[in-house]
Amino acid sequence: MKKLHQIARVSLLLFCFVSPAYADMGAPMIFITLPMLIIGLIPIIFLETFVLLKIMRIDFKAALKTSAFMNGISTIIGIPLTWVLLVLLQMFTGGGAAYGLQTPLKKFLAVTWQAPWLIPYESDLYWMIPAASLVLLIPFFFASYFVEAIIARRMQKSLDTGLLKKSVFMANVVSYAILFVLTLAWLLVSLFNGRRSI
């Protein structure tokens, strides 16, 4: 539990460090992705509960408790901390500058390398925001799996570690596959409409 408190403190400290650096420009994607993840938290908890039930073969109450706790921690601590680290990586590798969107490569870099904190190309944000959200699902998936595997191992000490890891991995594959499909649909609708759909 002490480690979780330390992680929370470090997350808050890094968040405070990064925020002033970019406060006057761009789109910090954490303020778009995190609320969506919080909204989807309840259905994700129940979805992952059934995956844990199927693989771990524990009772419903234990699976629900494990799913709720590990998803809550990964959403509130794991995802923001991952985003802060991605922003720091973006800043220190030159991703804080505007390079334009004149070529397909520049457009690609604008929503991958610069996905954590989008450069404010205002007329293109209608497609850039869902595209960057799609890209960020990749590091968020691995962060969620890492955090949730630790939580599950602490909560279900009697179960085999390999089985726990497999259960948490499959639970995240299922939930992130749904998030991927929904975000891809958002991107396609945004591109089709050619206007802001956020």
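Just so you know, these numbers come straight off a predicted model, no measurement behind them.

**A few points about the packing of helix α6 (residues 125–155) against helix α7 (residues 161–193)**
Link 1 in the chain: Following both chains from N to C, one finds α6 and α7 inclined at 170°, their axes separated by 9 Å at the closest point. Classed by the angle they form, the pair α6 and α7 counts as roughly antiparallel.
Link 2 in the chain: For the contact of α6 with α7, the residue count by class is 23 nonpolar, 6 polar and 3 charged.

**Remarks on the environment of Ile 55**
Link 1 in the chain: For Ile 55, the location among the structural elements is in helix α3 (residues 41–56).
Link 2 in the chain: When near neighbours in sequence (up to four residues on either side) are disregarded, Ile 55 contacts Leu 163, Lys 166, Ser 167 and Met 170.

**Some words on a nonpolar patch on the surface**
Link 1 in the chain: Judged by side-chain polarity, Phe 180, Val 181, Leu 184, Leu 188 and Leu 191 come together as a nonpolar surface patch covering roughly 430 Å² of accessible area.
Link 2 in the chain: In this fold, Leu 188 is placed in helix α7.

**Brief notes about the packing of α3 against helix α4 (residues 60–92)**
Link 1 in the chain: The interhelical angle for the contact between α3 and α4, taken along N-to-C directions, is 130°, at an axis separation of 8 Å. Judged by the angle between their axes, α3 and α4 are oblique. Note that α3 runs across α4; the crossing there is right-handed. Contact residues: α3 offers Leu 41, Ile 44, Ile 45, Phe 46, Glu 48, Thr 49, Phe 50, Leu 52 and Leu 53, while α4 offers Phe 60, Ala 63, Leu 64, Thr 66, Ser 67, Ala 68, Met 70, Asn 71 and Thr 75.
Link 2 in the chain: Of the residues belonging to the contact of α3 with α4, the class tally is 12 nonpolar, 5 polar and 1 charged.

**Some points on the nonpolar core**
Link 1 in the chain: Trp 83, Leu 118 and Met 128 are the most contacted members of the largest nonpolar core, which totals 35 residues.
Link 2 in the chain: Put simply, the parts of the chain that give this core at least two residues each are α2 (30–39), α4, α5 (104–111), β2 (117–118), α6 and α7.
Link 3 in the chain: The biggest single contributor to this core is α6, with 12 residues.
Link 4 in the chain: Ignoring sequence-local partners within four residues, the contact set of Leu 118 consists of Gly 26, Ala 27, Met 29, Ala 110, Val 111, Leu 125, Met 128, Ile 129 and Ala 132.

**A short note on the packing of aromatic side chains**
Link 1 in the chain: Using the criterion set out here, one finds 8 aromatic pairs in the structure.
Link 2 in the chain: Arranged with centres 5.7 Å apart and planes meeting at 20°, the rings of Tyr 99 and Trp 113 form a pair that is stacked. Residue Tyr 99 is found in the loop between α4 and α5, and its partner Trp 113 is found in the loop between α5 and β2; the two are separated by 14 residues along the sequence.
Link 3 in the chain: Residue Tyr 99 is classed as partly exposed on the basis of its relative accessible area, which comes to 40%.

**Here's the deal with the side chain of Asn 71**
Link 1 in the chain: You can see Asn 71 is positioned in helix α4.
Link 2 in the chain: You can call Asn 71 buried: its relative accessible area is 4%.
Link 3 in the chain: Sequence-distant contacts of Asn 71, that is, excluding residues within four places in its chain, are made with Leu 41, Ile 44, Ile 45, Glu 48 and Glu 148.

**Looking at a positive patch on the surface**
Link 1 in the chain: Judged by side-chain charge, Arg 153, Arg 154, Lys 157 and Lys 165 come together as a positively charged surface patch.
Link 2 in the chain: For Lys 165, a relative accessible area of 39% corresponds to the partly exposed category.

**Describing the side chain of Thr 66**
Link 1 in the chain: Tracing the chain through its elements places Thr 66 in helix α4.
Link 2 in the chain: Thr 66 gets classed as buried once you look at its relative accessible area, which sits at 0%.
Link 3 in the chain: Within the structure, Thr 66 has its side chain in polar contact with the backbone oxygen of Ala 62 (distance 2.8 Å).
Link 4 in the chain: Residue contacts for Thr 66: discarding those within four places in its chain leaves Leu 52, Ala 152, Met 155 and Gln 156.

**Quick look at the confidence of the model for the chain**
Link 1 in the chain: Here the chain shows a mean pLDDT of 88. Residues at 70 or above account for 85%.
Link 2 in the chain: With pLDDT under 50 throughout, residues 10–24 is counted as low confidence; its partners more than four residues away or in other chains account for 23 contacts.

**A closer look at α6**
Link 1 in the chain: Taking 1.5 Å as the rise per residue, α6 with 31 residues should run 45 Å; its terminal C-alpha atoms sit 42 Å apart, in good agreement.
Link 2 in the chain: Along its length, α6 shows its largest kink, about 30°, at Ile 138, and proline Pro 139 lies within four residues downstream of that point.

What counts and what doesn't
- Residues numbered from 1 in each chain as written.
- Predicted model: local features only at pLDDT ≥ 70, side-chain atom pairs only at ≥ 80, totals over all residues.
- Heavy atoms only, no water.
- Axes fitted to C-alpha atoms, helices over the stretch in contact; angles between N-to-C directions.
- Helix = DSSP H or I, 4+ residues; strand = E, 2+ residues; numbered from the N terminus.
- Parallel < 35°, antiparallel > 145°, perpendicular 65-115°, else oblique.
- Nonpolar A, V, L, I, M, F, W, Y, C, P; charged D, E, K, R; others polar.
- Contact = heavy atoms within 4.5 Å.
- Patch = residues over 30% accessible without salt bridge, like charges linked within 9 Å, V, L, I, M, F, W, Y side chains within 5 Å.
- Areas by Shrake-Rupley, 256 points an atom, 1.4 Å probe, with all protein chains shown as cover.
- Salt bridge = Lys/Arg side-chain N within 4 Å of Asp/Glu carboxyl O.
- Left-handed = near helix turned anticlockwise from the far one by under 90°.
- Core = buried A, V, L, I, M, F, W, Y, C linked by side-chain atoms within 4.5 Å.
- Buried < 20%, exposed > 50% of the residue type's maximum accessible area, 1.4 Å probe, protein only.
- Phe/Tyr/Trp six-rings, centres within 6.5 Å; stacked < 30°, edge-to-face > 60°.
- Lys, Arg positive; Asp, Glu negative; His and termini not counted.
- Charge placed at Lys NZ, Arg CZ, Asp CG, Glu CD.
- Polar contact = N/O pair within 3.5 Å; in protein donor to acceptor, adjacent residues only side chain to side chain.
- pLDDT = per-residue confidence, 0-100.
- Expected span 1.5 Å × (residues − 1).
- Bend = angle between axes of the 7 residues up to and from the residue.

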